[in-house]
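# Close look at the chain arrangement
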Amino acid sequence: MAIPGNLLSPTTESIDPNTSGWTTKLNCTIGKGIGGRNGDGCLSVRSIAAGEMQARTVSSYPVVAGTVYYTFADTSGATSTGERIGIRWLNSSGGEISITWSLSTLTASASWHRVSVAGPAPVGATQAQVLLGSTEVGASVSHFWENVYLGAPIRTLGNLLPFSVESSEIDASGWTPEVNATISRQVPVVSWASTWYYAGGHTLAVTATSAGNAAAVTVDRPAVTPGVEYMAYAYLQPPTLSSVAWLELRFYDANGNQIQTTRAVLAPPGTGFYRQLLSDTAPAGAATCGIAAGLDGAAAGQVLRLETVVVRAAPELVAGTVIPYANGSFEQSTGGWTVPTGVATLTRSTPWGAAGWAGSYSLRASSSTATASTLRSPKAPIPDGEGLNWRARIVTSVGAGAWSSVTVRTHWYDATGSSLGTSTGTVYGVPAGSWYLLTADGIAPDGATQAAVEVVATASSAASVLYVDAVALWQVLPLTAVEAVPADGYIQLTLRELPADYLISVYRITSDGARTLVRGADGLIDQQPISGDAMVLEDHEAPLGVPVAYRIELYSSPGVLASTRTSDTVILTLADINTTWLKDPGNPQRNCLVVVQAAPEWERPIEQASFVVRGRRNKVVLSGRRQGREGDLAIWTRTDAERQALHLLLDSGNTLLWQAAPGMGVDDMYVSVANISEGRIGRLAQEQWRTWTLPLTEQDMPVTTAVNGAAGRTWQDVVAEFATCQDLLDVYATSEDLLLDRRMG
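Conventions used here
All residue numbers here refer to positions counted from 1 along the written sequence of the relevant chain. Totals for whole chains, interfaces and linings use every residue, but because this is a predicted model, local features are given only for residues with pLDDT of at least 70 and side-chain atom pairs only at 80 or more, for both listing and counting. Excluded from the side-chain calculation are hydrogens and water; included are all heavy atoms of the structure. Labels follow the DSSP assignment, with helices taken as runs of H or I lasting at least four residues and strands as runs of E lasting at least two, numbered in each case from the N terminus. Summary of the burial criterion: residues with accessible area below 20% of their type's maximum are buried, those above 50% are exposed, and those between are partly exposed, where the area comes from a 1.4 Å probe applied to protein chains only. Calculation of accessible area relied on Shrake-Rupley with a 1.4 Å probe; when residues are assessed, cover is drawn exclusively from the protein chains displayed. In this tally Asp and Glu are treated as negative and Lys and Arg as positive; neither His nor the chain ends contributes. By convention, charge coordinates are those of NZ in Lys, CZ in Arg, CG in Asp, or CD in Glu. Ring pairs shown here join Phe, Tyr and Trp side chains whose ring centres sit within 6.5 Å, with only the six-membered ring taken for Trp; geometry is labelled stacked below 30 degrees between planes, edge-to-face above 60, and tilted in between. Criterion for a charge above a ring: Arg CZ or Lys NZ at most 6 Å from the ring centre, at most 35 degrees from the ring normal. Residues are treated as being in contact if the distance between any of their heavy atoms lies within 4.5 Å. N or O atoms within 3.5 Å of each other form a polar contact, as long as, within protein, one can give a hydrogen and the other can take it, and as long as residues adjacent in sequence are counted only when both atoms are side-chain atoms. For this document, the term salt bridge refers to a Lys or Arg side-chain nitrogen within 4 Å of an Asp or Glu carboxyl oxygen.

Tallying secondary structure elements over the protein chain gives 7 helices and 53 strands in all. Its C-alpha atoms give the protein chain principal-axis dimensions of roughly 105 × 80 × 60 Å. Counting the 745 residues in the protein chain, one finds 47% classified as buried. By element, 52% of the accessible surface of the protein chain is carried by carbon and sulfur atoms, the whole surface being about 31,900 Å². In the protein chain, the 47 positive side-chain charges and the 65 negative ones have mean positions that sit 6 Å from each other.

Dropping the structure here:
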C-alpha cells in the first residue's frame, strides 16, 4: 500500500519490483535486496570502499521555495558507524543548492528502524531528491533501505500543535528547558511499524543536567476554549524501568499565567517508547494550553525522549456521551470514581498495556472478600435529559479470581446533587478470558439534571480483580435514521452504535426489491472496515420520487454475517418537474440542478456487417450487441452561478448521473458527455440564461469511484497549519481544493 501523499512512485518507495527509482551518488553500488516490509523488496547499497556512501532518487520532484517538506525511510545496517537521510535541493537547471541532512542514528542495528528529516525548501529551489547515506567500516558492506517517503509533513489530524512541535524533524525550537534540563535532538534505533507514518527518526531528548527533577515545556501555546475537554499524548521513552516519567497538560490565562495542570505518570513495562495519554477540561479563564514532560528523581545525564506530541479536542468514547474522557478511559488516574458501598479498592491498572480496552490503562477494582461492591463515576450533566432514554456502557474483564455478577445501571440526581434513585440496571455474568461490552438503558426521571454510571460487582472469591474501561453514558437515538434532503438532491443515512473492527455493507432497496450498493469515501460500501461507532452517509444516487429503504449488513469477518438492520422508507422529491439533476458520483459538491429544454431523441447504434451471397436474394447480416442509448439533452441555465457550476461539473469528463422527475419517461441514467455547445437565448448582453446541448452516451454505473471528501480534516487542521487567509490563497486555488487538500505545485 502506497504511503498517502508520497511524491515518490510506488516503485521508488517500496523498491518493488525493481530499483529503477534509485541510482548511486557516492562510493557505492546498488541492487535489489529481499526481506522488506513494504513489499518484499528493499534497496541494497554496497560500499566500494570504507567511508560514507550515498544513493539518491533518479527523479527530481517539484517543490516550492519556503514550503516545508518531509522525508523518511526505514533502514537496516548492522555495522555502519552512522546513517542518515537528506533532502537535496536543486534549482531549475538541476544544480545543487544545499542538502538538509538528518542527524545520524545513535547506534547501528540490523533491525528495521526509521530515519527522517524535514525542512523548508531554500530560496531558488524548484526540485528535490532524496539522499540515503551511511558510513561503512570497509569495502563491500551492505546497507538496506525501503519504505521511503518525500512530501508534505504528515501531521496528526486535529493536533493544535504545529508539525515543528509534534515532531522534532526540523529542530528542537518548539521546546524549552524548564528545570535542571537541556534540550537536544537524537535519533535512537526505533522499529516503528512500516505503516505508522506519524513517527519519524528524530526524537526530543530531555537530559537531566544534575541529579533531581528535570522538565521541559513547549514554547508554542495554542488557543483553547473554556469548558472544552482536551487530550494530550506523547510517546515517552524512559531511561530506566524504574524512572518516574510524566506528561502534563497545562492551561494558561490570557496573560500567560498557568492556572491548571494535569499530570499523567507513565507506568512503563520496559524502556521502549510508550504512548501516554491524559485529558482535562479547560477551566474558566483559560486562553491557551501547553505540554510539559519530565523525570522525577533523575540521575545526572539521564535522558527522557519524546516523539509525536499531540494536544487536541478529546475524543468521545461513544458519540454523544456525557462522561468525559478522563472519567471513562482511566489513562492518567482512577477518573474520580468512588466506592460508596463495599470493600473494593480502586487503582489505575499497571503497567502500561497490561489491561486496557480504550487506551493503555483501565480502572482496577480489587475485592478482598467474596462480597458485592458498588463502583460509581463522578456526576455528569444530562442537559434536557429528563424523560428520555439513556444508555450506560462499560467494557469489563476479569483480572483475577471470579465475579458471580456485574450489574450496570444509572444513578440520577437533581440540580442540587440530591439522589433521585437508580435505574433498574441489567445483570450480567462475566466469565474470565476476554473483554465484554455491557450496556443498560434507563429513563431519566422528572427533575433529573445529572447522572452517574454505577457498576455493582459481586466477587465470588477473595482477592478478585475486575477491570473496567471505556465507560459512556449517552441518550439513545435510533440505530438507523434516514432523511430526504430534496434541495440538494440526496438522502442522508445515519448509522449509530456500529461495532468496532467489524465490516459493513450498505444497500439501497427500492420497492421492486432491487438492491444497489451505496457509494462512500472508499467506493461502494461492500464489506468495508468500520472506522467509528457512528457513520453519516449522503446517498446522491438515490432515485427520485420512489420509496427507498436501506439495508445494513454487519460482518464480524469477511463473509461472516453477524447482524443486519433496515431503515425506514423515505422518498426523495423534485419540486419542479421541468428541472433535472446532473450529478458527479465521485464529487457530489459539483451536482447541478438545471432546466430541461428538450429530452433526447434516442439512438441505439449497432455494429453490423452485410454480405451479398451469389445466387441469394437477401443479404446475410452479422450483428453485434445493440449498444446503449445516445442522444442530445437540451437544457437551460438561468444564472451565471448555474453556468459556472455546470462548467465545473463537465470539466472533469467523469461519468455523470442524469436524474429526471418520475413520469417524464426517462429512467435514471449514467452518461458520458461529449462535445458541448453553449449559446445565448437572446441578443441582450446582460441576459444570464444560456442554452446548452449535451451529447449523452449511456454508461454503466461506475463501481470503483469513491466519494471525495475531507478525509477527517477539520478547520482546526487548517488553522494549525496556516496563519492567514493569504497563506491559504498561496496554496489552494479554489475552496474545493481546500476541502480536498489539493495543493498547488
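Within the structure shown, the criterion is met by 16 aromatic pairs. Taking the centre distance of 5.7 Å and the plane angle of 45° together, the rings of tryptophan 192 and phenylalanine 273 count as tilted. Of this pair, tryptophan 192 sits in the loop between strand 13 (181–186) and strand 14 (203–208) while phenylalanine 273 sits in the loop between strand 18 (258–265) and strand 19 (274–281), and the two are 81 residues apart along the sequence. Taking NZ or CZ as reference, arginine 114 lies 4.8 Å from the ring centre of phenylalanine 72, over its face.

Its location among the elements puts glutamate 541 in the loop between strand 41 (534–539) and strand 42 (547–557). In the structure, glutamate 541 is positioned 116 residues away from leucine 657 in sequence and 7.5 Å away in space, judged by C-alpha atoms. When near neighbours in sequence (up to four residues on either side) are disregarded, glutamate 541 contacts Arg508, Arg519, Pro585, Leu657, Gln659, Tyr670 and Met701. Side-chain polar atoms of glutamate 541 contact the side chain of arginine 519, separated by 2.7 Å.

One pass over the full model with this rule turns up 26 salt bridges. Here arginine 37 and aspartate 74 are joined by a salt bridge, their closest N and O atoms 2.7 Å apart. Taken as a pair, arginine 37 in the loop between strand 2 (28–34) and strand 3 (41–47) and aspartate 74 in strand 6 (residues 68–77) lie far apart in primary sequence, 37 residues in all. For arginine 37, a relative accessible area of 33% puts it in the partly exposed group. With a closest N to O distance of 3.9 Å, arginine 155 and aspartate 717 form a salt bridge.

No statement about biological role is implied by the geometric values presented.
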